[in-house]
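Architecture at a glance
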Amino acid sequence: MTEKRPGKNLVVLFGDQLTVSIASLRQQSKNDCIVLMAEVMAEATAVRHHKKKLAFVFSAMRHFARELEAAGWAVDYVELEDAENSQSFEGEISRAVARHRSQQVVVTEPSEWRVKEVMNDLASQLPAELTMLPDDRFLASHAEFAAWAKDRKQLRMEFFYRDMRRKTGLLMDGDQPVGGRWNFDAENRKPAELDLFIPSPLRFEPDDITQQVLQLVARRFDGHFGDLEPFWWGVTSDQAHAALEHFLANSLPHFGDYQDAMLEDEDFLYHSVLSHYINIGLLDPLEVCNRVAGEYTAGRAPLNAVEGYIRQIIGWREFVRGLYWLHMPDYLDRNDLAATRDLPDFYWTGKTDMACMAAAIDQTRRQAYAHHIQRLMVTGNFALLVGVEPKQVHQWYLEVYADAYEWVELPNTFGMSQFADGGLLASKPYAASGNYINKMSNHCKSCRYDVKQKTGDAACPFNSLYWDFLVRNETGLGNNARLRQAYSTWGRMAHEKQSAYLSSAAKFLDTLTP
Ligand code: FAD
Ligand code: DLZ
Ligand code: SF4
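Here is what the cut-offs are and how they apply
- Residues numbered from 1 in each chain as written.
- Chains lettered and ligands numbered in written order.
- Predicted model: local features only at pLDDT ≥ 70, side-chain atom pairs only at ≥ 80, totals over all residues.
- Heavy atoms only, no water.
- Near = heavy atom within 4 Å.
- Polar contact = N/O pair within 3.5 Å; in protein donor to acceptor, adjacent residues only side chain to side chain.
- Areas by Shrake-Rupley, 256 points an atom, 1.4 Å probe, with all protein chains shown as cover.
- Helix = DSSP H or I, 4+ residues; strand = E, 2+ residues; numbered from the N terminus.
- Nonpolar A, V, L, I, M, F, W, Y, C, P; charged D, E, K, R; others polar.
- Domains from an automatic or database assignment.
- Contact = heavy atoms within 4.5 Å.
- Buried area = accessible area lost by both parts, 1.4 Å probe.
- Salt bridge = Lys/Arg side-chain N within 4 Å of Asp/Glu carboxyl O.

Before going further, it helps to spend a moment on the site of ligand 1. Neighbouring ligand 1 are 29 residues, the closest being His 271, Ser 272, Val 273, Asn 279 and Tyr 369. Within the side chain of Ser 272, a nitrogen or oxygen atom sits 2.6 Å from an oxygen atom of ligand 1. The contact in question runs from an oxygen atom of ligand 1 to an N or O atom on the backbone of Leu 274, over 3.0 Å. Alone, ligand 1 offers 810 Å² of accessible surface; in the complex the protein occludes 99% of this. For the shell around ligand 1, the secondary structure elements donating two or more residues are α11 (275–280), α13 (303–327), α16 (372–386) and α18 (406–417). Ranked by the residues each element gives to the shell around ligand 1, the list is headed by α18, at six residues. Counted by class, the shell around ligand 1 contains 15 nonpolar, ten polar and four charged residues. When residues are assigned to domains, the shell around ligand 1 turns out to be shared by domain 2 (142–201 + 251–327) and domain 3 (346–509), each giving three or more.

The following block contains the structure:
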């Protein structure tokens, strides 16, 4: 009898692990392993992802598989419409273990809790040993973040960020921050002017692989939200690097100044539009930061822009990931403001008279992109003020953006935007009246509502909703030091004015569907 020889190690790469420097590949030699990549319906429909995101992920996966093969790796790639595809990670890994007689399965830790649970369950069922390696594309490991968080009464990004600056040496002069300050945000709040020259992100022609994927997505995911075409994103690491260089040369110098600005018909302003590349591995976050810091050293970009940009990545991005793993899975059930309203229908259609909301939602449908202030201070702010159930808000953000993965989306939505975690992430809710949006954008000029009117049918809804939110949540928020001034303004307000605000808000809330 001939004994079957054991097969090669199986290295599983998920769709957001598209880099040769991922831990699971770094450990292997090309001759001893098979790389498994699988397009599966379980992921494609885990939420009803924007069509552009599906096309982006599938096309980037297919391109990366080809690059691996060209570099000499053996790749077992299962396409979505492969007749044998079991349509789940566990099914595809089990089938591949049998196909290749693998005794060792190696994965880098999935970025989402949900998928990590699937891997943990699978480990006990596979006839092979499954090894899960930490994802070291992040600066802080789970243990490091937990150690930093331990014994702190409050977790604040700013202090964590300083540690990451020290750890990386980015913008450091010995042990001091370059320019004498850690944070130049105060200089980063200029409203945009219409006559500014605003560059566009770098666009790419879809090649044959992308064309095939576009047809696949059109055929199989027609009911998902969003416009599939035009599709102009890069789908390879080389293209993502070209997009980075384009950003450095054209937008970075103004990134800081106009970071919080919004303009009608300008979808990107000076933002980098790189998050979708970074989140799936086509760009390395630290490499991006080093290139950005280099622009300051070379005198081509000012410190407020460079520091502001680097803070988003080694500060916010790392911080939200730390919080996610520290608090999952309980975090998903947080609803500390007890918000219960259903998400209004116009989050899907964009059909609302509020010009700022219509613009953000329309852009989201077209581009699967909105910049941070649109997400936080327009769509997020509105959901917060009217009291939408956080899980529904979370689901929306996860579905509509190309860069959305739960580890980064959930803390941003629950923590930063909806204050559903009771202040674990933010020191106060990002709630604002129409005045903020008017200051930072030109939306109000074309709106059927009047931002200067406080109450009544023609008044900007954000104005009365802001006070209604504070009054409704006084028990939970009344003691928040950063809201003291707002509550005392309310307390000093004439009773008739208070009533007018509350009845305007009630009237508006009655109009919301469903
Ligand atoms: P830029 O403005 O150019 O910023 C540079 C980079 O910094 C980004 O590419 C991103 O990698 C990082 N970054 C900036 N802000 C944050 C942040 N708050 N958290 C984490 N990283 C940040 N970002 C995601 O990557 N995925 C999400 O699913 C996501 N969901 C969000 C949901 C809400 C409610 C809010 C308020 C923010 C969310 N963000 C998310 C953060 C931020 O809005 C996006 O990272 C940013 O808009 C991406 O566009 P950009 O690449 O042009 O970013
Ligand atoms: C986002 C996504 C989608 C839509 N589809 C797949 C897929 O079919 N196969 C795959 O390996 N990855 C996909 N991804 C990315 C995964 O959702 C992401 O890697 C996990 O959430 C990681 O936990
Ligand atoms: Fe938005 Fe109010 Fe301005 Fe209209 S008036 S665009 S609703 S902030």
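From this point, the narrative continues.
Turning our attention to the domain arrangement of the protein. Domain boundaries assigned for the protein yield domain 1 (9–133), domain 2 (142–201 + 251–327) and domain 3 (346–509). Taking only C-alpha atoms, the centre of domain 1 and the centre of domain 3 are 39 Å apart. Contacts between domain 1 and domain 3 engage eleven residues on the former and 14 residues on the latter. Summed over both partners, the interface of domain 1 with domain 3 comes to about 1,100 Å²; 53% of that surface belongs to carbon and sulfur atoms. The largest contributions to the domain 1 side of the interface with domain 3 come from Val 47, His 50 and Lys 53, which together make up 47% of the buried area. Summed over the shared surface of domain 1 and domain 3, the result is zero salt bridges. Linking domain 1 to domain 3 there are six residue pairs in polar contact (both at pLDDT 80 or more). Within the side of domain 1 that touches domain 3, the residues separate by chemical class into three nonpolar, three polar and five charged.

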